[in-house]
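Residue-level listing of the chains:
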Amino acid sequence: MPPIAAAPEIRRAMLDVEVFGAELAPGAPPPQEVRRLCALATAAVGIEDGHLAIEYVDERRIEQLNAEHRGKDGPTDVLSFPIDGAAERNGAERELGDVVICPEHTLDLREAIVHGVLHLVGLDHETDNGEMLALQAELLAWERR
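As a starting point, this report considers the structure included with it. Model, not experiment: these values are computed from the prediction.

Overview of the layout of surface pockets
Picture a little ball the size of a water molecule; that probe, rolled over the atoms, points out where space is still empty.
1) Next: What the largest pocket holds in volume is close to 420 Å³.
2) Next: Residue assignment for the lining of the largest pocket shows that the elements contributing at least two residues are α2 (59–70), β3 (78–82) and α3 (109–120).
3) Next: The dominant element in the lining of the largest pocket, judged by the number of residues it contributes, is β3, at five residues.
4) Next: Each residue belonging to the lining of the largest pocket can be placed in one class, and the counts come to six nonpolar, seven polar and six charged.

Here you go:
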């Protein structure tokens, strides 16, 4: 009798989200909601697993990052630093990247989270025809139901 083949490994899709600097963002969504918002944004483009970080920073730090990485003076609301995007790396966990948010310059932290994560997965409202911002609005409307 031939040996029974081992069952294929079943891997549950999972998005790993870390949140840093929450003390700088009074009224920020709790970590569980941040994870849900991130999962909603990534799933909208077909990504269901990987790792990303959301970090809240003060005005001075976002201003430094904006100058260093975008060559722009002054603070901004949200910056995204994509790493792997949609590519998987030799079976290792996909590293999507980091979203940095300055609560002092953000009207809606939930919107900033979704906006930043959509940038991590390759969408760009500066080069598309409005698709990213339309998707962002749709996701936020769906989440608020």
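With respect to the nonpolar core
1) Next: By size, the foremost hydrophobic cluster in this structure holds 29 residues, and its most contacted members are Cys38, Leu52, Ile54, Tyr56, Ile101 and Ile113.
2) Next: Elements with a contribution of two residues or more to this core: β1 (15–20), α1 (31–43), β2 (50–56), β4 (95–101), α3 and α4 (131–144).
3) Next: Ranked by the residues each element gives to this core, the list is headed by α3, at seven residues.
4) Next: Sequence-distant contacts of Ile101, that is, excluding residues within four places in its chain, are made with Ile54, Glu55, Tyr56, Val57, Ile62, Asp77, Val78, Thr106, Leu109, Ala112 and Ile113.
5) Next: If you look at the next biggest cluster of nonpolar residues, it comprises six residues, including Val57, Ile62, Val100 and Cys102.

Some remarks on α2
1) Next: Its twelve residues give α2 an end-to-end C-alpha distance of 16 Å, which sits within 8% of 16 Å, the value for a rise of 1.5 Å per residue.
2) Next: Taken residue by residue, α2 has Ile62, Leu65 and Asn66 as its buried positions. Mapping the buried residues of α2 onto a view down its axis gives an arc of 100 degrees, with all of them on the same face. Summarising the geometry of α2, the exposed residues directed more than 90 degrees from the buried face are Arg60 and Glu68.
3) Next: The secondary structure elements touched by the buried residues of α2 are β3 and β4.
4) Next: Looking one or two places after α2, you find Gly71, whose phi comes out positive at around 65 degrees.

Structural notes on a negative patch on the surface
1) Next: A surface patch of negative charge is lined by Glu59, Glu63, Asp73 and Glu104.
2) Next: Here Glu104 lies in the loop between β4 and α3.

Remarks on the packing of α1 against α3
Think of two packed helices as two axes; the pair is described by the angle between the axes and how far apart they sit.
1) Next: Packing of α1 against α3 leaves a shortest axis separation of 9 Å and a crossing angle of 40 degrees. On the basis of their axis angle, the class for α1 and α3 is oblique. Pair α1 / α3 crosses with right-handed handedness. Where α1 abuts α3, its residues Glu33, Val34, Leu37, Cys38, Ala41 and Thr42 lie against Arg110, Ile113, Val114, Val117 and Leu118.
2) Next: The class makeup of the residues in the contact of α1 with α3 is eight nonpolar, one polar and two charged.

Notes on the pattern of salt bridges
1) Next: Counted according to the given criterion, the structure contains three salt bridges.
2) Next: Across the pair Glu33 and Arg110 runs a salt bridge whose closest N-O atoms are separated by 2.6 Å. Here Glu33, found in helix α1, pairs with Arg110, found in helix α3; they are 77 residues apart in sequence, far enough to count as distant.
3) Next: For Glu33, a relative accessible area of 14% corresponds to the buried category.
4) Next: Taking the relative accessible area as the measure of exposure, Arg110 reaches 28% and is therefore partly exposed.
5) Next: Notably, a salt bridge pairs Glu126 with Arg70, separated by 3.9 Å at the nearest N-O pair. Within this pair, whereas Glu126 is found in the loop between α3 and α4, its partner Arg70 is found in helix α2, the two being separated by 56 residues in sequence.
6) Next: With relative accessibility at 36%, the residue Arg70 sits in the partly exposed group.

Cut-offs and rules
- Residues numbered from 1 in each chain as written.
- Predicted model: local features only at pLDDT ≥ 70, side-chain atom pairs only at ≥ 80, totals over all residues.
- Heavy atoms only, no water.
- 1 Å grid on protein atoms, 1.4 Å probe; cavity = no way out; pocket = protein on both sides within 12 Å on 5 of 7 lines; lining within 4 Å.
- Points joined across faces, edges and corners; volume = space filled by probe spheres on them.
- Helix = DSSP H or I, 4+ residues; strand = E, 2+ residues; numbered from the N terminus.
- Nonpolar A, V, L, I, M, F, W, Y, C, P; charged D, E, K, R; others polar.
- Core = buried A, V, L, I, M, F, W, Y, C linked by side-chain atoms within 4.5 Å.
- Buried < 20%, exposed > 50% of the residue type's maximum accessible area, 1.4 Å probe, protein only.
- Contact = heavy atoms within 4.5 Å.
- Expected span 1.5 Å × (residues − 1).
- Arc of directions from axis to C-beta.
- Patch = residues over 30% accessible without salt bridge, like charges linked within 9 Å, V, L, I, M, F, W, Y side chains within 5 Å.
- Areas by Shrake-Rupley, 256 points an atom, 1.4 Å probe, with all protein chains shown as cover.
- Salt bridge = Lys/Arg side-chain N within 4 Å of Asp/Glu carboxyl O.
- Lys, Arg positive; Asp, Glu negative; His and termini not counted.
- Charge placed at Lys NZ, Arg CZ, Asp CG, Glu CD.
- Axes fitted to C-alpha atoms, helices over the stretch in contact; angles between N-to-C directions.
- Parallel < 35°, antiparallel > 145°, perpendicular 65-115°, else oblique.
- Left-handed = near helix turned anticlockwise from the far one by under 90°.

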